[in-house]
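Below are the chains, spelled out letter by letter.
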Amino acid sequence: MRTVNFSDDGVEVVDAPDPLVPPGRLLVRTEAVGVGVGLVRLLAASRGRAEPVRPGGEIVGTVAAVGAGVSGFEVGDRVGGVVFEDAYADLVLADPRLVARVPGEVGAPAAVCLVRGGLIALSALRAGRFAPGESVLVTAAASGTGHLMVQLGRALGASRVVAAVGSPEKAPFARDCGADEVVTYAEPSWGEPVDLVLDGAGGDLVRRGVDMLAPLGRMVAFSAAGGTVDVSSLLGGMRSVLGFTIGTLDRTRPDLVNGYRAQVWDLLARGALRPRCVEFGFDRLAAAVGLVASRGNLGRVVVTTGGRSAAPSP
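Residues numbered from 1 in each chain as written. Predicted model: local features only at pLDDT ≥ 70, side-chain atom pairs only at ≥ 80, totals over all residues. Heavy atoms only, no water.

### Comments concerning the overall build of the protein
Here's step 1: When helices and strands are tallied, the protein shows nine helices and 15 strands.
Here's step 2: Computed over C-alpha atoms, the radius of gyration of the protein comes to 20 Å, within 12% of the 20 Å expected from 2.2 N^0.38 for 314 residues, which places it in the range of a compact globule.
Here's step 3: Principal-axis analysis of the C-alpha atoms places the extent of the protein at approximately 60 × 40 × 35 Å.
Here's step 4: Just so you have it, the protein exposes about 13,800 Å², and 53% of that area is on carbon and sulfur atoms.
Here's step 5: Positive and negative side-chain charges of the protein, numbering 31 and 32 respectively, have mean locations separated by a distance of 4 Å. (Helix = DSSP H or I, 4+ residues; strand = E, 2+ residues; numbered from the N terminus. Rg over C-alpha atoms; globule rule 2.2 N^0.38 Å. Areas by Shrake-Rupley, 256 points an atom, 1.4 Å probe, with all protein chains shown as cover. Lys, Arg positive; Asp, Glu negative; His and termini not counted. Charge placed at Lys NZ, Arg CZ, Asp CG, Glu CD.)

### Let's talk about the sheet that holds strand β13 (residues 240-243)
Hydrogen bonds between backbone groups are what pair the strands of a sheet, and the pairing can be parallel or antiparallel.
Here's step 1: Strand order across the open sheet formed by six strands is β10-β9-β8-β11-β12-β13, with parallel pairing between neighbours. What marks the edges here is a single partner per strand, and that holds for β10 (181-184) and β13. Here the average twist between neighbouring strands, direction ignored, is 20°.
Here's step 2: Strand direction decides the pairing type here: strand β12 (residues 213-221) and β13, joined by four bridges, are parallel. Residue pairing in the sheet places A221 in a bridge with G243 of β13.
Here's step 3: In the packing of helix α2 (residues 108-127) onto the sheet, the strands contacted are β11 (194-199), β12 and β13, and the crossing angle to β11 comes to about 140°.
Here's step 4: Helix α3 (residues 146-155) contacts β8 (135-138), β9 (160-165) and β11 of the sheet and is inclined by roughly 170° relative to β9. (Pairing = 2+ DSSP bridges. Axes fitted to C-alpha atoms, helices over the stretch in contact; angles between N-to-C directions. Contact = heavy atoms within 4.5 Å.)

### Some words on the UniProt feature "domain: Enoyl reductase (ER)" (unreviewed entry) in the protein
Here's step 1: UniProt's feature table lists "domain: Enoyl reductase (ER)" (unreviewed entry) at residues 7-303, given in the numbering used throughout.
Here's step 2: In residues 7-303, the share of helix is 30% and the share of strand is 28%. The end C-alpha atoms are 19 Å apart. (UniProt positions renumbered as here; feature names shortened; annotations may be inferred.)

### Notes on the confidence of the model for the protein
Here's step 1: Of all residues in the protein, 98% have pLDDT values of 70 or greater, and the mean over the chain is 93.
Here's step 2: A low-confidence stretch, residues 309-314 stays under pLDDT 50, and its non-local contacts, those more than four residues away or across chains, total 14 contacts. (pLDDT = per-residue confidence, 0-100.)

### Some details on the layout of surface pockets
Here's step 1: In this structure, the second largest pocket encloses a volume near 560 Å³.
Here's step 2: Along the walls of the second largest pocket sit 27 residues, with R54, E85, D86, A87 and L93 positioned nearest its centre.
Here's step 3: Secondary-structure elements contributing two or more residues to the lining of the second largest pocket are β1 (2-7), β5 (78-83) and β6 (91-94).
Here's step 4: A per-class count over the lining of the second largest pocket returns 20 nonpolar, two polar and five charged. (1 Å grid on protein atoms, 1.4 Å probe; cavity = no way out; pocket = protein on both sides within 12 Å on 5 of 7 lines; lining within 4 Å. Points joined across faces, edges and corners; volume = space filled by probe spheres on them. Nonpolar A, V, L, I, M, F, W, Y, C, P; charged D, E, K, R; others polar.)

### Some thoughts on the pattern of salt bridges
Here's step 1: All chains considered together, the criterion is met by 16 salt bridges.
Here's step 2: Across the pair D255 and R253 runs a salt bridge, and its minimum N-O distance is 2.9 Å.
Here's step 3: One salt-bridge network, held together by shared partners, links R25, D95 and R97. (Salt bridge = Lys/Arg side-chain N within 4 Å of Asp/Glu carboxyl O.)

### Details of the environment of T139
Here's step 1: As for its position among the elements, T139 is in the loop between β8 and α3.
Here's step 2: Each C-alpha atom, one on T139 and one on M149, is 9.6 Å from the other, the two residues being 10 residues apart in sequence.
Here's step 3: In this structure, T139 is in contact with A164, Y185, W190, L198, D199, G200 and A201, ignoring residues within four places of it in sequence.
Here's step 4: Among the polar contacts listed, one links the side chain of T139 to the side chain of D199, at a separation of 2.7 Å.
Here's step 5: At 3.4 Å, the side chain of T139 and the backbone nitrogen of A201 are in polar contact. (Polar contact = N/O pair within 3.5 Å; in protein donor to acceptor, adjacent residues only side chain to side chain.)

So, in structure tokens, the structure goes:
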């Protein structure tokens, strides 16, 4: 099989033996793998280290073998989810608790956009107690997850959707995803307050997001980039900030996550979600990583491995 060596010298596709399937694991032949900011941060943090870098990521593929003790999956099942290491390969080992079935008619790039990004987008909206008629602001609105939040806000009945992006060049994309207003991070004002802020950018934008909240407004913060909140700034308007990770929600409320996953596929089938991605062949993974590192992507960046004759993306 093909796999990827990540080193200080770059990204290299090499041949490797097929992995053996240990008990409790699935062997999945990949169709596509997502490339995100997490990979870029990991590679930057790993420079100069002697240990090999074995990053994980979102995958979609077909079950090629089932390890002892695994139930609920069979060879040939189409699945998608997250693996925590060695994701960039023709064959990957997956924890069956972290993958779920993917509809056969959904193209691999679109499926990779949704198996985690779509799930985070809908779950964060629900965690923020979004109700039809409310207004929503999304930071990192042109990202793989952010552009789906913009679409979901529109599809679920938001009265106003504001997209915050890093540069004016991303504004047409955000509007095409359903944003009523687009603002850039550099603008001194982001307009009228909103009921809900979904923050995937972190850093200094956390404070700006809090400043955008109307009385009784909520922020859902799901970025790994951190950020600080002055609690006193929440008191007068009875505003609140909720930290969110899909992993914690899945471990504590798997019933909710399963329901949200079904809703994501239903919204896709009804045309309410249009996942957007930039697609690269597996041999161009280095270019895919470079695009994410430059923050130039619109939507999710995906590398396809050719593991299945995929249906066209919607």
